[in-house]
Amino acid sequence: MEPLMPLPAATPSFPARCLLLLLGAALATGLWACAPATGPVEREARSTLIHPAGASSEPAINIEALELTPAEPDQFMEDEIARFRALGEWDPSSESTEELADAIYDFPVVMNKHVQFYLDYFQNDLRPTFSRWLARSGRYVPLIQEHLREAGLPEDLAYLPMIESGYNLTAYSRARAVGPWQFMAPTAGQYGLVINDYVDERRDPIKSTRAAIAFLGDLHGEFGCWQLAVAAYNAGGGRIRGAIRRFDSDNFWEISQNDHLSRETRHYVPKLIAAIIIAKNPEEYGFTNIAYDEPLRYETIEVPRWTSLEALALAGAIELEELHDLNRELRRLVTPPDQASYTLRLPEGKSALVMANLPRVRTVAEVAYRTHVVQRGDTLTRICSTYNINKTTLLKANSLRSEQLVIGQRLRIPVQKTAYRLLPEDADLKATAAVMGGSAGGLVLHKIQPGESLWLIARRYGVNANTLAAWNDISDPSRIRAGQQLALYLDPQPLATAPAAASPTKRPPAGGSGERTTVASVQSKQAPAAQSRPEVTYYQVQGGDTLWSIARKFQTTTTMIRQWNQLSSDLIHPGKRLLIRLAEL
């Protein structure tokens, strides 16, 4: 099979560079950036542009399930070792260990009873699993072989991830090794792989391959033998050095006849050799009709920090799982904040569409619902504490009039999330950008006060904290300072219309936006005041309301509401009635 290389990232032309600047500006105004939090959610319904107090963010896919996948080879380890032990003592004699001088191998392949054990094991007990590994190999082996060839290493080493992870990017071993090459964190750091809250480059098939090649090259440079180098890849160089000194031998098969090396390391080399033999001669060993995965192909695009994969998927009409699979190192479906720009991989042929559509993607705050099944001992207070919501919100979301619960009862728990919308092609993007960037639109400037955090400010305005960080190009949300000015871009909301004069508003149904009593319709502040316009109205605070959201509803300011109601702070509680002086609007 001819190796297929990924498409290189072309140097952007002048118009393309201008477009990248536009994308960066779009990100700065919060048009398509947000980092969802983790945690599975059962969706039931959505309500657009609602920000309940205390609600958390919902991910589009189950990130936890994508982060950790038990390494398949680990699952058979105990059985392998037990059977391997039954083979008896190692016999390093030349009669029992025959090197195969076949031109198709560039790794030192030998045949002995230990290699034969794995040939039989893969063909019989592990046939379904090994068939799956062969199929996956089609996606990664051509690319790995190309990198090995460039480094001057044996191309047969491309089959080492087969026995490490089965070519699974999210493989996680009992020893806490991660990725297709199963790097431990210290070794990964030594070879330049970044691991933090936002990325784990051990899961990147390209970067981890380069690191593994450098590691294997160093091991071969020290031991001068590929069998010992591979054994050291498994056991560590110190263990192999100790075995060589102790037994005065640099022959893997000789030092393996003693118990100095673990059984896992002793069977590691024959296991690799067997995998190489079958992978290069599948039909000879009964593996026919393998549907090999297509070789990995992709294009790249430069995006700013805090860029959401969900926004990119929408812009390019790409399945989110497919996009995440190309960028599996991203742990939160968002580009890391500590880099001004980040290179993302896209499916082949999608970069032009993504570049064209990204400026038209907008963020929308939504509310989804997860389900809580009431258990023995549950109380409304305990449930509210678990999900960080208030009682009024929970009662209204479930149309409950009392706090009495029944075991087995299913409660709807509101969860804030950020969704994305693609504007029509004929949308006036320039006008939209002008509105978003000017005081005539939803721009709000907030001066940080002593003691305020980004999360507190985000909750006060009913936005996602990561979106707020993206709007202001903040790389570390925990490091903001008093006096710093933050820009928020909030969609202006039209005023609600109340009933005609002398008709009090009816109490809204459970889950409504709030109780209001008034005697005339509320007009926009640009309209001239009619003689029938009342002097005041009252608004009853509902669960999820903030002083800021109420001020927006009536097109006034939080300062004015505090003055009208003698409030010493922005803190309000559900049930409180606020006076609104319409004559001053």
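Residues numbered from 1 in each chain as written. Predicted model: local features only at pLDDT ≥ 70, side-chain atom pairs only at ≥ 80, totals over all residues. Heavy atoms only, no water.

Peer 1: When you look at the packing of helix α4 (residues 77-85) against helix α5 (residues 113-123) in this model, what are you seeing that I'm missing?
Peer 2: Helices that pack against each other are described as a pair by the angle of their axes relative to one another and the distance between those axes. One way to put it is that α4 packs onto α5 with a least axis distance of 11 Å and a crossing angle of 135°. Classified by the angle between their axes, α4 and α5 sit oblique to one another. Of the two elements, α4 crosses α5, and the hand of that crossing is right-handed. From α4, Asp79, Glu80, Arg83 and Phe84 reach across to α5, where they touch His114, Phe117, Tyr118 and Tyr121. When the residues that make up the contact of α4 with α5 are grouped by side-chain class, the tally is four nonpolar, one polar and three charged. (Axes fitted to C-alpha atoms, helices over the stretch in contact; angles between N-to-C directions. Helix = DSSP H or I, 4+ residues; strand = E, 2+ residues; numbered from the N terminus. Parallel < 35°, antiparallel > 145°, perpendicular 65-115°, else oblique. Left-handed = near helix turned anticlockwise from the far one by under 90°. Contact = heavy atoms within 4.5 Å. Nonpolar A, V, L, I, M, F, W, Y, C, P; charged D, E, K, R; others polar.)

Peer 1: Is there a simple way to explain helix α14 (residues 309-316) in this structure?
Peer 2: Helical geometry note: an α-helix holds 3.6 residues per turn, so side chains three or four residues apart project in the same direction. In terms of burial, α14 is a largely internal element, seven of the eight residues being buried. All buried positions along α14 are accounted for by Leu309, Glu310, Ala311, Leu312, Ala313, Ala315 and Gly316. Of the residues flanking the start of α14, the one acting as N-cap is Ser308, its side-chain oxygen 3.0 Å from the backbone nitrogen of Glu310. Downstream of α14 by one or two residues, Ala317 has phi in the positive range, about 55°. (Buried < 20%, exposed > 50% of the residue type's maximum accessible area, 1.4 Å probe, protein only. Polar contact = N/O pair within 3.5 Å; in protein donor to acceptor, adjacent residues only side chain to side chain.)

Peer 1: How do you make sense of the environment of Lys113 when you look at a structure like this?
Peer 2: Take Lys113: it is sitting in helix α5. With relative accessibility at 37%, the residue Lys113 sits in the partly exposed group. In this structure the C-alpha to C-alpha distance between Lys113 and Leu87, which are 26 residues apart in sequence, comes to 7.8 Å.

Peer 1: Honestly, the packing of aromatic side chains in this entry has me stumped. Any pointers?
Peer 2: For any pair of aromatic rings, the description consists of the separation of the ring centres together with the inter-plane angle of the planes. Applying the stated rule across the entire model yields 14 aromatic pairs. Between Tyr118 and Phe122, the ring centres sit 5.7 Å apart and the planes meet at 40°, which makes this aromatic pair tilted. You can see Tyr118 and its partner Phe122 sitting in helix α5, four residues apart, about one turn around the helix. Across this residue pair, the class does not change: Tyr118 and Phe122 are buried. For Arg332, the ring lying beneath its charged end belongs to Tyr198, and the centroid distance is 4.9 Å. Residue placement shows Arg345 over the ring face of Tyr298; its charged tip is 5.2 Å from the ring centre. (Phe/Tyr/Trp six-rings, centres within 6.5 Å; stacked < 30°, edge-to-face > 60°. Lys NZ or Arg CZ within 6 Å of the ring centre and 35° of its normal.)

Peer 1: In this structure, what is going on with the packing of α4 against helix α13 (residues 263-280)? I would like to understand it.
Peer 2: Between α4 and α13, the shortest axis-to-axis distance is 11 Å and the interhelical angle comes to 85°. Here α13 runs roughly perpendicular to α4, going by the angle between their axes. Seen from α4, the contacting residues are Met77, Glu80, Ile81, Phe84 and Arg85; seen from α13, they are Arg263, Glu264, Arg266, His267, Pro270 and Lys271. Class assignment for the residues of the contact of α4 with α13 results in four nonpolar, one polar and six charged.

Peer 1: Got a minute to help me understand the side chain of Thr307 in this structure?
Peer 2: Along the polypeptide, Thr307 turns up in the loop between β6 (299-304) and α14. At 2.6 Å, the side chain of Thr307 forms a polar contact with the backbone oxygen of Pro304.

Peer 1: I tried to follow the side chain of His372 on my own but got confused; where do I start?
Peer 2: Within the fold, His372 resides in strand β8 (residues 361-373). A distance of 2.9 Å separates polar atoms of two side chains, one belonging to His372 and the other to Asp378. Excluding its chain neighbours within four sequence positions, the residues that come into contact with His372 are Asp378, Ile383, Tyr387, Gln409, Arg410, Leu411 and Ile413.

Peer 1: Honestly, the pattern of salt bridges in this entry has me stumped. Any pointers?
Peer 2: If charged atoms from side chains of opposite charge come close, those side chains can pair. One pass over the structure, following the stated rule, counts 17 salt bridges. Residue Arg132 pairs with Glu72 through a salt bridge whose shortest N-O separation is 3.1 Å. Pair noted here: Arg132 is in helix α6 (residues 127-151) and Glu72 is in helix α3 (residues 72-75), with a separation of 60 residues, a long-range link. Here Glu72 falls in the buried class, since its relative accessible area comes to 12%. The residue Arg328 makes a salt bridge to Asp325 at a minimum N-O spacing of 3.0 Å. When its relative accessible area of 6% is taken as the criterion, Arg328 is described as buried. A relative accessible area of 22% places Asp325 in the partly exposed class. (Salt bridge = Lys/Arg side-chain N within 4 Å of Asp/Glu carboxyl O.)

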